[in-house]
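# Chains, contacts and geometry: an overview
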Amino acid sequence: MTHPEEALRIAFSPCPNDTFVFDAWAHGRVPGAPALDVTFADIDITNGVAERRSPDFDVLKVSYAVLPYVLDDYALLPCGGALGRGCGPLVLTREPGVDLTGKTVAVPSEKSTAYLLFRLWTADVVPGGVGEVVVMPFDEIMPAVRDGKVDAGLVIHEARFTYQNYGLHSLADMGEHWENTTGLPIPLGAIIAKRSLGEDRLRQLADTVRTSVRMAWDDPEASRPYVLEHAQEMNPSVADQHIGLYVNEFTADLGENGYAAIRGLLTRAAAEGLVPALGPGALAFP
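Residues numbered from 1 in each chain as written. Predicted model: local features only at pLDDT ≥ 70, side-chain atom pairs only at ≥ 80, totals over all residues. Heavy atoms only, no water.

## A few points about the overall build of the protein chain
Across its full length, the protein chain holds 12 helices and 11 strands. The C-alpha atoms of the protein chain give a radius of gyration of 19 Å, which matches the 19 Å a tight globule of 286 residues would have. Put simply, 81% of the contacts in the protein chain that link residues at least 6 apart link residues at least 24 apart. With the model as given, the accessible surface of the protein chain reaches about 12,200 Å², and the carbon-plus-sulfur share is 48%. Here the protein chain carries 22 positive and 38 negative side-chain charges, and the mean point of each set is 3 Å from the other. (Helix = DSSP H or I, 4+ residues; strand = E, 2+ residues; numbered from the N terminus. Rg over C-alpha atoms; globule rule 2.2 N^0.38 Å. Contact = heavy atoms within 4.5 Å. Areas by Shrake-Rupley, 256 points an atom, 1.4 Å probe, with all protein chains shown as cover. Lys, Arg positive; Asp, Glu negative; His and termini not counted. Charge placed at Lys NZ, Arg CZ, Asp CG, Glu CD.)

Encoded structure:
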């Protein structure tokens, strides 16, 4: 029996893919797994927590874009995260076909895969460069574009399914650009754990995450109350689409293509001066 003080402290987002993945573990249904003390936080917050090396959390869901800054203290788990195809961030505008040269663009974070993909896209497609980049909470971006406060917005998550409700147009799909130029899936969210937990504990964590994912797939209804409780008024069918898009074979195991996608993104981003270069073996587990 795990005593409460031994519970692993984890922070992940309230998004359906995370609650779906961690439901079985969070509710004590994974045999032999350590207890979890769960905190919900948007990924921009957890990125900051990782960068500060906060002692408050053992395991975090972060953007792959933050890995080059934190892998000396955290190990990337080979499972539990989000990579996918057809699920990239979109650039939205009020009018179709806008030239973004010199324009103001709202983004949800500058330490996100979405932002790295956006910068790699603009390097290819907007030779003059965009103008000011404004960081704002992702739920404020579509209203800001609609109301003319910014010229364009970079959106993620379920905004893919709802931007038409704001009368907006998709100018470009960052994921489509990435997949067309690399053939690789899009690395979005990673699960990292403190290296100080030790190799045995890290391996146990990875096994537990895999089991929790498989249990969610085997009995999707079991996770539904947890998913919908935290899905911020999301329509259940949108929540299902969200899970279908972001929880896939890479969630169970990154595998060769998953690691190739992560290395590809971070190597290209480092070449553009957007992130520090990864050290050799930085992605090795444990």
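## Quick look at the pattern of salt bridges
As enumerated under the stated definition, the model contains 15 salt bridges in all. Across the pair Arg 29 and Asp 23 runs a salt bridge, and its minimum N-O distance is 2.5 Å. A salt bridge links Arg 210 to Asp 207; the shortest N-O distance between them is 3.8 Å. Placement of both Arg 210 and Asp 207 in helix α8 (residues 199–218) is noted, with a separation of three residues, approximately one turn of the helix. A single salt-bridge network, built from bridges that share partners, covers Arg 53, Asp 72 and Asp 73. (Salt bridge = Lys/Arg side-chain N within 4 Å of Asp/Glu carboxyl O.)

## Notes on the packing of helix α1 (residues 16–26) against helix α9 (residues 220–230)
Their axes nearest at 8 Å, the elements α1 and α9 cross at an angle of 125°. In terms of their interaxial angle, α1 and α9 are classed as oblique. Read as a crossing pair, α1 and α9 show a hand that is right-handed. From α1, Pro 16, Thr 19, Phe 20, Asp 23 and Ala 26 reach across to α9, where they touch Pro 220, Ala 222, Ser 223, Tyr 226, Val 227 and His 230. Classifying every residue of the contact of α1 with α9 by side-chain character gives seven nonpolar, three polar and one charged. (Axes fitted to C-alpha atoms, helices over the stretch in contact; angles between N-to-C directions. Parallel < 35°, antiparallel > 145°, perpendicular 65-115°, else oblique. Left-handed = near helix turned anticlockwise from the far one by under 90°. Nonpolar A, V, L, I, M, F, W, Y, C, P; charged D, E, K, R; others polar.)

## Looking at helix α12 (residues 255–271)
Between its first and last C-alpha atoms α12 spans 24 Å; for 17 residues at 1.5 Å apiece the expected length is 24 Å, and the two agree. Within two residues after α12, Gly 273 carries a phi angle of roughly 75°, on the positive side. (Expected span 1.5 Å × (residues − 1).)

## Some thoughts on the environment of Ala 269
As for its placement among the helices and strands, Ala 269 is situated in helix α12. For Ala 269, a relative accessible area of 0% translates into the label buried. Each C-alpha atom, one on Ala 269 and one on Asp 42, is 23 Å from the other, the two residues being 227 residues apart in sequence. When residues no more than four places from it in sequence are discounted, the contact partners of Ala 269 are Leu 116, Leu 120, Leu 274 and Val 275. (Buried < 20%, exposed > 50% of the residue type's maximum accessible area, 1.4 Å probe, protein only.)

## A few points about the environment of Met 215
Tracing the chain through its elements places Met 215 in helix α8. For the pair Met 215 and Arg 29, spaced 186 residues apart in sequence, the C-alpha separation works out to 8.8 Å. Setting aside residues up to four positions removed in sequence, Met 215 forms contacts with Ala 24, Arg 29 and Val 30.

## Digging into the sheet that holds strand β7 (residues 105–107)
Pairing between sheet strands relies on hydrogen bonds along the backbone, with the strands arranged either parallel or antiparallel. Taken together, five strands build an open sheet; the order of strands is β8-β7-β9-β6-β10 and the sheet is mixed. Across the chains shown, the open sheet's two edge strands, defined by having one partner strand only, are β8 (133–135) and β10 (169–173). Strand-to-strand twist across the sheet, computed as the mean angle between neighbouring axes with direction ignored, equals 30°. The pairing of β7 with β8 spans three bridges and is parallel. Looking at β8, one finds that Ala 106 is bridged to Val 134. The strands touched by helix α5 (residues 138–146) are β6 (90–93), β7 and β9 (152–155); relative to β9, the strand with the most contacts, the crossing angle is about 155°. (Pairing = 2+ DSSP bridges.)

## Considering the packing of aromatic side chains
Inspection of every chain in the model, using the stated rule, returns six aromatic pairs. Aromatic pair Phe 12 and Phe 40: ring centres 5.4 Å apart, planes at 90°, arrangement edge-to-face. Of this pair, Phe 12 sits in strand β1 (residues 8–12) while Phe 40 sits in strand β2 (residues 36–40), and the two are 28 residues apart along the sequence. For Phe 12, a relative accessible area of 1% translates into the label buried. Grouping aromatic residues by their ring pairs yields a cluster made of Phe 12, Phe 22, Trp 25, Phe 40 and Tyr 226. (Phe/Tyr/Trp six-rings, centres within 6.5 Å; stacked < 30°, edge-to-face > 60°.)

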